[in-house]
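# Structural overview for review
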Amino acid sequence: MRRAGVAALVFAAFGLVAGDSAAQTILQPGTTPPPKPLTNDSRLADAQKAADQGDYARVATILSDFLKDHAESAAAHFQLAFAYGELKRPVNSIAEYRRAVEIDPTFATAFMNLGLTLLDRGDNAGAATALLRAAELMPGQAKPRYLAGLALERSGKLPEALPQYEQAGAIDSKSYDINFRWGLTLVRVGRAAEAEERLRAAIALRPDSAPAHLALASALLDEKKSDAAAAELTEYLKRSPNDANARMQLASALNDAGKPAEALAELDRADAI
């Protein structure tokens, strides 16, 4: 999953100096940047040029030097963290994102990127903390809520994940990812009827999604809707025909639906895998 933020670094126009908290402003579309640069440090232009060329090693070198003189620039720490991310140095990236949010606790995009980097590293609890803060700072955006839910889900905190997915869905009801993860989590906590609604919404958005058909089948089985579950398992198996376990589930659903001959045929197919 790619970090949030800009692909190129933006420096000189936004005044990266000690104590500068303009970083959140410059990274959120529709806001007004500072009226003029607060520093004319040529290193910022050099870093921008290096970023434009994709030379993130040079970006990191320049910004590390810049920060010796401007250690309290949250924006510079953020951009250095981004550069480290491009260099596949996540430990350094995390440290710089942490420093950025220590300096500016309202730096929403830094919290988002910190959370995503921690999520990539498998630190789900740390990711959840950062992403929940990002969600607080970006109340009208679905993505941080969704990602916070994902981090909580991966942490095993399914009840806590659900309101995050619900709030994300209220902002963006047309997101396949939100509907799918929300529905899957509802299945896992035993709320099958609600899960069915969400998973059908996900399938309407992406009819060819094998995982969504399988998750919906699970919800329908929990609801004792054998015919409907068999139909969803059939759709899933069109896309994943070598899943023996799903074929056995389909055989069971068909048998429960009063179709023993079809059930036996599915058992034979499962045995042949």
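Position numbers for residues count from 1 along each chain, tracking the sequence in the order it is written. Reporting of local features is limited, given that this is a predicted model, to residues whose pLDDT is at least 70; pairs of side-chain atoms are given and counted only at 80 or more, and all residues count toward the totals for whole chains, interfaces and linings. As a rule here, side-chain values come from all non-hydrogen atoms in the structure, and water together with hydrogens is ignored.

## As for the overall build of the protein
Working definition: helices are DSSP H or I runs of at least four residues, strands are E runs of at least two. Numbering for both runs from the N terminus. Across its full length, the protein holds 15 helices and 0 strands. Think of it in three bands: residues with accessible area under 20% of the maximum for their type are buried, residues over 50% are exposed, and the middle band is partly exposed, with areas taken using a 1.4 Å probe on protein chains only. Burial analysis of the protein (273 residues in total) assigns 48% to the buried set. Counted over contacts in the protein with a minimum sequence separation of 6, partners at least 24 positions apart contribute 51%. Accessible surface is estimated by sampling points in the Shrake-Rupley manner with a 1.4 Å probe; for residues, cover comes only from the protein chains shown. Of the roughly 12,700 Å² of accessible surface on the protein, a fraction of 50% belongs to carbon and sulfur atoms. The contact criterion used is simple: two residues touch if any of their non-hydrogen atoms lie within 4.5 Å.

## Some remarks on the pattern of salt bridges
One side-chain nitrogen of Lys or Arg within 4 Å of one carboxyl oxygen of Asp or Glu is enough to make a salt bridge. A complete count under the given rule lists 19 salt bridges for this structure. Across the pair Glu 72 and Arg 99 runs a salt bridge, and its minimum N-O distance is 2.7 Å. Here Glu 72 is found in the loop between helix H3 (56–69) and helix H4 (74–86), whereas its partner Arg 99 is found in helix H5 (residues 90–103), with 27 residues between them in sequence. Between Glu 153 and Arg 181 there is a salt bridge, and its shortest N-O distance comes to 2.3 Å. Taken together, the residues span a long stretch of sequence, with Glu 153 in helix H8 (residues 142–154) and Arg 181 in helix H10 (residues 176–188) at a distance of 28 residues. A relative accessible area of 4% means that Glu 153 is categorised as buried.

## Overview of H10
For the α-helix, the turn length of 3.6 residues means that residues three or four positions removed from each other point alike. Helix span is expected to be 1.5 Å times the residue number reduced by one. Its 13 residues place the ends of H10 18 Å apart at the C-alpha level, agreeing with the 18 Å of an ideal helix rising 1.5 Å per residue. Taken residue by residue, H10 has Tyr 176, Ile 178, Asn 179, Phe 180, Trp 182, Gly 183, Thr 185, Leu 186 and Val 187 as its buried positions. Elements in contact with the buried residues of H10: H8, helix H9 (158–171), helix H11 (192–205) and helix H12 (210–222). In the analysis that follows, any N or O atom pair within 3.5 Å is treated as a polar contact, provided that within protein one partner can donate a hydrogen and the other can accept it, and provided that, for residues neighboring in sequence, both atoms belong to side chains. At the N-terminal boundary of H10, the capping side chain belongs to Ser 175, with an oxygen 3.4 Å from the backbone nitrogen of Asp 177.

## Some words on the environment of Asp 177
Mapping Asp 177 onto the fold places it in helix H10. Every residue in contact with Asp 177, bar those within four places of it in the chain, is listed here: Tyr 146 and Arg 206.

## Some remarks on the side chain of Gln 164
Among the structural elements, Gln 164 can be located in helix H9. Contacts of Gln 164, omitting those with residues within four sequence positions, involve Leu 132, Arg 145, Ala 148, Gly 149 and Leu 152.

## Observations concerning a nonpolar patch on the surface
What goes into a patch is any residue over 30% in relative accessible area without a salt bridge, connected to like charges within 9 Å or, for nonpolar side chains (Val, Leu, Ile, Met, Phe, Trp, Tyr), within 5 Å. Together, Met 248, Leu 264 and Leu 267 make up an exposed nonpolar region whose accessible area comes to about 280 Å². Mapped onto the fold, Met 248 is located in helix H14 (residues 244–256). Residue class for Met 248 comes out partly exposed when judged on its relative accessible area of 48%.

## Notes on the confidence of the model for the protein
Model confidence for the protein is summarised by a mean pLDDT of 87, while 85% of its residues fall at 70 or above. Scored below 50 in pLDDT, residues 1–38 makes 86 contacts in the model with residues more than four places away or belonging to other chains. Confidence of the prediction at every residue is given by pLDDT, a number between 0 and 100.

## Things to note about the nonpolar core
Residues belong to one nonpolar core when they are buried, are Ala, Val, Leu, Ile, Met, Phe, Trp, Tyr or Cys, and are joined through side-chain atoms within 4.5 Å. Formed by 64 residues in total, the largest nonpolar core has its most connected members in Val 59, Met 112, Leu 131, Tyr 146, Phe 180 and Leu 199. Discounting residues that sit within four places of it in the chain, Leu 131 has contacts with Met 112, Gly 115, Leu 116, Pro 144, Leu 147, Ala 148 and Ala 151. In this structure, Ala 246, Leu 250, Ala 253 and Ala 263 belong to the second largest nonpolar core, which totals 12 residues.

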